[in-house]
Amino acid sequence: MLKIHHIVKHFGRIAALKDINLEVARGEFFGLLGPNGAGKSTLMNIIVGYLKPDAGSVSVDDRMMVYESMEMRSNIGYVPQEIALYQELSAIDNLKIFGSIFELSGKKLQTKIDEVLELVQLSDRKKDTVKTFSGGMKRRLNLAASIMHNPPLILCDEPTVGVDPQSRNAIFDMLKHLNESGKTVVYTTHYMEEAERLCSRMAIIDNGTIITKGTLSQLLENLDQQKSVKLLKNISDEQLTQVKQIGNIIEHEFHFELIPDETHSKLSEIFSKIESININPEEIALTRASLEDVFLHMTGRSMRD
Amino acid sequence: MKTVLLLIRKDFLRFKADTAAIVLTFIVPIILILIFGNIFGGGGGSRGKINVIFVNESESKIAKTIEAKLDSSDNIRPVKYYIDDKPREKVYYNEERAKSAVEAGIFRAALVFPTDFISDTSSSLNIKFYYDPSNEIEISLIQGSVQKLVMSEVPALLPYLFRKQINKQIGKAEAGNFQSRLTGLIGKFFDVNPDSISLLSDSEDAVLNTSVNKADNPISNLIKFDSVQLVGKEVANPGVTRIVGGWAIMFLLFSLTGAAMSLFEEKTEGTLKRLLCMPVQRSQILWSKYIWSMSLGVVQLSVMFIFAWLVFDVDIFANFLNLAIVIISSAAAAVSFGMIITSFAKSLNQANGISTLLILVISALGGSWFPVSLLPDWMQVISKGTITYWSVEAFLQVLWRGANFSTIAPHVMVLLSTAFIANFYSLLRFRKGKVF
Ligand SMILES: Nc1ncnc2c1ncn2[C@@H]1O[C@H](COP(=O)(O)OP(=O)(O)OP(=O)(O)O)[C@@H](O)[C@H]1O
Ligand SMILES: [Mg+2]
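Residues numbered from 1 in each chain as written. Chains lettered and ligands numbered in written order. Predicted model: local features only at pLDDT ≥ 70, side-chain atom pairs only at ≥ 80, totals over all residues. Heavy atoms only, no water.

Even after reading the chapter, I still don't get the interface of chain B and chain A, so can you show me in this structure?
Interface size, as often reported, equals the accessible area lost upon joining of the parts. Chain B puts 24 residues into the contact, and the matching count from chain A is 28 residues. In this structure, the salt-bridge partner of B:Lys273 is A:Glu82, at a minimum N-O distance of 3.9 Å. Counting across the interface, chain B meets chain A through eight residue pairs in polar contact (both at pLDDT 80 or more). Of all the elements in the fold, those that place two or more residues in the side of chain B that touches chain A are helix H1 (2-17), helix H9 (238-269) and helix H10 (271-276) of chain B. Per-element accounting of the side of chain B that touches chain A gives the leading share, nine residues, to H1(B). (Contact = heavy atoms within 4.5 Å. Salt bridge = Lys/Arg side-chain N within 4 Å of Asp/Glu carboxyl O. Polar contact = N/O pair within 3.5 Å; in protein donor to acceptor, adjacent residues only side chain to side chain. Helix = DSSP H or I, 4+ residues; strand = E, 2+ residues; numbered from the N terminus.)

Okay, here's the thing in structure tokens:
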């Protein structure tokens, strides 16, 4: 469906994207994960033909995306990272404006508007001006405005930033629904949990480079260690030194994370060691390795740094 | 083209939702035209009179006559007394009180006819005028009105003052002799009764009587002051006609620069980018902005002129086609002004600041607020570099002189070519992509 081939993009001296290669198959829910400034939005802008890459090419359905050409635009529904709506106008007027650009009109336009408003659960607020909406409602309308033309490929650039959990779930459900009805979704985020929860396949991008890609289990497979132990911070220094014999300790804000060495692969063994150091077992939690660990492993940094 | 129309409709929807823009585009200019129209032209109600202290200490009948005329003047309301608090009673102004009232800033001017308004020792009228020059326009208005009143008495006054001069030079008796010999001579020559000829009377009554019947008096015929208005003869309301074009073009610049600058708003709102990620071209966005702004400008100007027609009787239909041409070319020039500022500015704030400053300067220089002829010569040269000048002049030509197209063609050419060049430059700038 979507092929990204050796894309390079510089902004002055900043290398925003360095040789990006990606393929997204039809019907996939593809995640593009990366910290702030990684180059996610830049890549999205190039895919929709808004920005011109310095080198490389993008093709959708084996047709070349040409910068500023109108031809491919109606195949893509691009949800910008910013709320891009006419704040002074009502939800319905916004949808009318953006829908009509895609040659929708009259009854067809009206039906489509009702349909997407239903989908983003804003039907009861359709006559209100956008500026009276909450952040989450604006986000949902922002999404609705991008899918009026029923595009086969949907690009979502961080659609859950600044959104309450309820709206966030509504957006997830919506995107899942769209994906299940056959649409290909590319979803950027810097929330690992979102990618884990939604995406069938993903790529992690950092500093303009794709550092790894694959399904969730493929990514986790690459990790040396798939389990870690969570310890509360109320343990003594002496206990801490002893724990360190089991494996590496990473200090988090509210807890320590113990990543056992390869020699301690058996869970039962790890538990009995911890018990022998006299740490209350109730303060022990087992966590499975996450994308966070993948990122940490690949870059030596935490995602939120 | 369809996309452009859709984008124009979008701009219309946005404008409709923007109360501030509507008020600035239509309501504020109408209110200002109403205020200034009333000052300079008199609309539905008559213009307010200017209060001037008036003291008449002279016993002269001529002074009394002028006082009566002042009382019924359209421009001046003579104030002769004030009410004192303790005891509560009218206090008539005298010269001293009048002076201190002007000095204290209670009134801006005082007109005094002193006891020696007409004296035997002087052959001229003695009038005193005290004023505070803080409002020059008002002072010249007062002076002008008083002069007009006095001058209207001149044909009768002149021989009277002349006779006084003769009395002073050769003595009263000798002057009487001279007078009767002169009338005798004239009577003989023209074959009329010498007694019916009143040439140089030294009685005030004679002056006042002659003024009733000026036309028959040979001497009053000596000064024939025929003022004939040559231009704008049929203009019902010249004052408003002058100002309406000026105010209209200034607000046109404000509203259309605003419309062009909405590109910035759309950029910060992100909607510009959204449109550009849809099947919309940059050029289509620019065209829609241009056509929308033009239409808004034409509607705005039309509303203002229709208003001037309804309220002030400004005749907009006598030369309607040419008026329409000037309206359209002014709107074109104003849009291009907004576009070029938008294309050069780096942010909405910067564009706002620059445009406000520039519009105020070119409105002052170009004759929006007052006639350019009041400016010093070198500034008048600069005036010609502003679109306001050409637009205001063209409106004047059309509404005031009833000019035909060949007269306004140069103005229209200047406006349209300015629009063309400015648009060309802004297009180049937009291509470089500072706004987009
Ligand atoms: N228009 C631009 N001009 C200059 N530099 C830019 C521009 N757009 C992006 N960049 C730079 O390119 C890099 C990648 O930015 P990008 O917006 O793609 O990151 P992102 O992954 O979307 O980050 P975020 O999660 O914060 O949205 C950053 O260093 C950014 O400063
Ligand atoms: Mg981004």
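Explanation requested: the sheet that holds strand S9 (residues 201-206) of chain A in the structure shown.
Hydrogen bonds between backbone atoms are what pair the strands of a sheet, whose relative direction is either parallel or antiparallel. All names here are of chain A. Strand order in the open sheet formed by six strands is S6-S7-S8-S3-S9-S10, with mixed pairing between adjacent strands. For this open sheet the edge positions go to strand S6 (76-79) and strand S10 (209-214), each flanked by a neighbour on one side alone. For this sheet the average axis-to-axis angle between neighbouring strands, irrespective of direction, equals 15°. The pairing of strand S3 (residues 29-33) with S9 spans four bridges and is classified as parallel. Bridge pairing links Phe30 to Arg201 in S9. In the packing of helix H1 (residues 40-47) onto the sheet, contacts are made with S3, S6, strand S7 (153-157), strand S8 (184-189) and S9, and the angle to S7 comes to roughly 150°. (Pairing = 2+ DSSP bridges. Axes fitted to C-alpha atoms, helices over the stretch in contact; angles between N-to-C directions.)

What am I meant to see in helix H13 (residues 348-366) of chain B here?
Because an α-helix packs 3.6 residues into every turn, residues spaced three or four apart end up facing the same way. Compared with an ideal rise of 1.5 Å per residue, which puts 19 residues at 27 Å, H13(B) spans 26 Å between its outermost C-alpha atoms and is within 8% of the ideal. Taken from the residues just after H13(B), B:Gly367 is the one with a positive phi, measuring 100°. (Expected span 1.5 Å × (residues − 1).)

Before we go on, may I ask you to explain the pairing of strand S13 (residues 255-260) of chain A in this structure?
The side chains of a regular strand alternate between both faces of the sheet. Residue and element names in this part refer to chain A. Most of S13 is tucked away: five of the six residues are buried. As defined by bridge partners, strand S12 (residues 247-251) adjoins S13 across five bridges and the pair is classed as antiparallel. If you follow Asn248 over to S13, its bridge partner there is Ile259. (Buried < 20%, exposed > 50% of the residue type's maximum accessible area, 1.4 Å probe, protein only.)

Mind showing me how you'd approach the packing of aromatic side chains here?
Residue and element names in this part refer to chain B. According to the stated counting rule, one finds 18 aromatic pairs over all chains in the structure shown. Relative to Phe107, the ring of Tyr93 has its centre 6.4 Å away and its plane inclined at 90°; by these criteria the two rings are edge-to-face. Of the two residues, Tyr93 is situated in the loop between strand S4 (89-92) and helix H4 (95-103) and Phe107 in the loop between H4 and strand S5 (109-113); the sequence distance between them amounts to 14 residues. Accessibility assignment for this pair places Tyr93 and Phe107 in one class, buried. Members of the aromatic cluster, connected to one another through ring pairs, are Phe12, Phe15 and Trp292. A cation over an aromatic ring shows up here: Arg429 above the ring of Phe344, its NZ or CZ 4.2 Å from the ring centre. (Phe/Tyr/Trp six-rings, centres within 6.5 Å; stacked < 30°, edge-to-face > 60°. Lys NZ or Arg CZ within 6 Å of the ring centre and 35° of its normal.)

Explain the sheet that holds strand S6 (residues 128-131) of chain B here, please?
Residue and element names in this part refer to chain B. As summarised here, the arrangement of the four strands in space is S2-S1-S5-S6, forming an open sheet in which the pairing is mixed. Of all strands in the sheet, those with a lone pairing partner are strand S2 (76-79) and S6, marking the two edges. Across the sheet, the mean angle separating the axes of adjacent strands is 30° when strand polarity is ignored. As paired elements, S5 and S6 share four bridges and run antiparallel to each other. Residue pairing for S6: Val112 is matched across the bridge by Lys128. Contacts from H4 reach strand S1 (50-56), S5 and S6 within the one sheet, and its direction differs from that of S6 by about 25°. Relative to the sheet, helix H5 (residues 136-151) contacts S1, S2, S5 and S6, its axis offset from that of S6 by approximately 165°.

What exactly am I supposed to notice about the pattern of salt bridges here?
It is possible for side chains of opposite charge to pair when their charged atoms get near one another. Residue and element names in this part refer to chain A. Going through the model one piece at a time under the given rule, you end up with 19 salt bridges over all chains. Of the charged contacts, one joins Lys131 and Glu88 as a salt bridge, the two residues approaching to 3.0 Å between their closest N and O atoms. Taken as a pair, Lys131 in the loop between helix H3 (106-119) and helix H4 (135-146) and Glu88 in the loop between S6 and helix H2 (91-101) lie far apart in primary sequence, 43 residues in all. The exposure class of Glu88 is partly exposed, given its relative accessible area of 35%.

Looking at this model, I keep getting lost on the coordination of the magnesium ion (ligand 2). Mind explaining?
Ideal values differ by geometry: the angle at a metal is 109.5 degrees with four tetrahedral donors, but 90 or 180 degrees with six octahedral donors. Residues and elements named next belong to chain A. The protein atoms that coordinate the magnesium ion (ligand 2) are Ser41 (OG) and Gln81 (OE1), at distances spanning 1.8 to 2.0 Å. With a gap of 40 residues between them, Ser41 in helix H1 and Gln81 in the loop between S6 and H2 connect regions that are remote in the sequence. On the accessibility criterion, Gln81 (27% relative accessible area) is partly exposed. (Donors = N, O, S within 2.8 Å, 3.2 Å for Na, K, Ca; no water.)

Whenever I open this one, the site of ligand 1 confuses me. Can you help?
All names here are of chain A. If you check the shell around ligand 1, you find 13 residues, and the closest are Gly37, Lys40, Ser41, Thr42 and Glu158. At 2.6 Å, a side-chain N or O of Ser41 approaches an oxygen atom of ligand 1. Burial of ligand 1 by the surrounding chains reaches 63%, relative to a free accessible area of 630 Å². Residue assignment for the shell around ligand 1 shows that the elements contributing at least two residues are strand S2 (14-24) and H1. (Near = heavy atom within 4 Å. Areas by Shrake-Rupley, 256 points an atom, 1.4 Å probe, with all protein chains shown as cover.)

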